[in-house]
Amino acid sequence: MSINKDQIQDLNRSGESQHQQQFEFLQEQLEIQGINTESVISKLQALQVAIPSWALGAGGTRFGRFSYGGEPATLEEKINDVGIIHSLTRSAGAISLHIPWDTPEDPEVIRKLAAVHGLTFDAMNSNTFQDQQSQNHSYKYGSLCHTNDLCRQQAIEHNKQVIDIGVSLGSKSLTVWLADGSCFPGQLNFRKALERTMNSLKEIYHYMPADWKLFIEYKPYEPNFYSTVIQDWGTSHLLANECGENAFCLVDLGHHLPNTNIEQIVATLLWKGKLGGFHFNDSKYGDDDLTVGSIKPYQLFLIFNELVNRPDHNPSPAWMIDASHNLKDPLEDLLQSLEAIRLAYAQALLVDQQALEQARISNDVTLAQEILHRSYRADIRPLLSEARLRSGGALYPLDAYRKAAVREKLIERRGLNTVATGL
Ligand code: PSV
Ligand code: MN
């Protein structure tokens, strides 16, 4: 099941003239304010966000899982689903694989299949937070931090295998997220656990090809509830520095304690040239994995306001959605998330950075805030549609998805009871 360009053109037809009016009106308003809309549109067209292979089926909580009809049961079907999202949005041109959830049997075949859908392979993700049947040593008490040399070595070898698979797929980066930590005071020697983790990461880092990047993801708690070895951006930064210049921090929006100023963390990491990757989602309480922009859209805009000021010494970060879908159709959820990311990005591109800096220098607090609000409060959705239209995507992806009855067709083809691998 796929959606081709002709179908998309047909689906767009009924909304085109109204869109044209709305776009021209908005363009005029923005140009009066001195905004170069063409430049914003081309930046929007260039923005590509990777879709994680584990977010294409229904998620679940520890209390239960309610499956969704037509879930992709194989990697091939997952690639197909990302292909659908990319055809509609033209902004999801990559897929990020979790190993062993999505180990390709024949990487060459998988690589070719992805290329047919216009997709490349973004960061590879290793998994040493779950035990696999074939492994000798359990990760119950940690992996890269484990007190047992053999267990640590097993986890290191797994990461090396993930790199090998990534190389055969054309990926250029590895994301390491560790659940390692402790549930009770006294359980872990903090210093020794961190040192063991650092040494393990260094071994993985030195195994990577020279043109690869290592992304070190942090998270304050869960599944361990007393301590996590890589708990925050500072620890991730310290480890990235120890590894070397191709090691970076990865910010997952859900991996912060309530009210953390994430935009400030982003600015600090950019200043040090160490922001390597981004996992988008939204949260109210913890790692809630909610649709991007559904809870704190203003925070997302403020984060993008830092990201659009990226200094040259910080390479362009890898963008990825990392969410879970317990109620909504996963593909609809991902379409909404992509739109929220593009909206926040476009709003940040509208900010008059020179005026903002001037207001800061003269300590005009009110004006500084007003400048941000001017961009944040403008309804610029026609700009997003225009960028998508010019790239061959759908004017309104969610409408098109429903009109094309994609989910119904997937259910027809795959059945109601398929289950996707992942959490
Ligand atoms: C952990 O909570 C995380 O954010 C990591 O990125 C994992 O790879 C992903 O979620 C799936 O478990
Ligand atoms: Mn994540």
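All residue numbers refer to position in the chain's written sequence, counted from 1. Just so you know, chain letters begin at A and ligand numbers begin at 1, following the order they were written in. pLDDT decides what is reported in this predicted model: residues at 70 or higher carry local features, side-chain atom pairs at 80 or more are listed and counted, and totals for whole chains, interfaces and linings draw on all residues regardless.

## Details of the pairing of strand 10 (residues 275–280)
- Exposed residues have 12 or fewer other C-beta atoms within 10 Å of their own C-beta, buried residues have 20 or more, and partly exposed residues fall in between, where C-beta atoms are placed from the backbone. Runs of E in the DSSP output that reach at least two residues are strands. Runs of H or I that reach at least four are helices, and both are numbered from the N terminus. Counting buried positions along strand 10 gives 6 out of 6 residues, so the element sits mostly inside the fold.
- What makes two strands pair is DSSP finding at least two bridges between them. The sheet contact formed by strand 9 (residues 247–252) and strand 10 spans 4 bridges and is parallel. Across the sheet, the residue bridging to Leu250 is Gly277, located in strand 10.
- If you view a crossover with the strands going away from you and the path from the first strand over the helix to the second runs clockwise, you call it right-handed. Where the polypeptide runs from strand 9 across helix 9 (residues 262–271) and back to strand 10, its parallel neighbour, the crossover connection is right-handed.
- Alignment of strand 10 against strand 11 (residues 318–321), held across 4 bridges, turns out to be parallel. Directly across from His279, in strand 11, lies its bridge partner Met320.

## Examining the pairing of strand 11
- Where burial is concerned, the two faces of strand 11 agree: the one with Ala318 and Met320 and the one with Trp319 and Ile321 are both buried.
- Assessed by its sense of winding, the connection that carries the chain from strand 10 through helix 10 (residues 297–307) to strand 11 is right-handed.

## Quick notes on helix 13 (residues 365–376)
- The terminal C-alpha atoms of helix 13 lie 17 Å apart, and with 12 residues this matches the ideal 16 Å at 1.5 Å per residue to within 8%.
- Burial in helix 13 covers these residues: Ile371, Leu372 and Ser375. Buried residues of helix 13 fall within an arc of 90 degrees about the axis and therefore sit on the same side. Facing away from the buried side of helix 13, by more than 90 degrees, are the exposed residues Val365, Thr366, Gln369 and His373.
- Contact between two residues is assigned whenever their backbone-derived C-beta positions fall within 7 Å. Those residues of helix 13 hidden inside the fold are in contact with helix 10, helix 11 (330–350) and helix 12 (353–361). Any helix carries an expected span of 1.5 Å times its number of residues minus one. Think of the arc as the fan of directions from the helix axis to the C-beta atoms.

Purely geometric numbers; function is a separate question.
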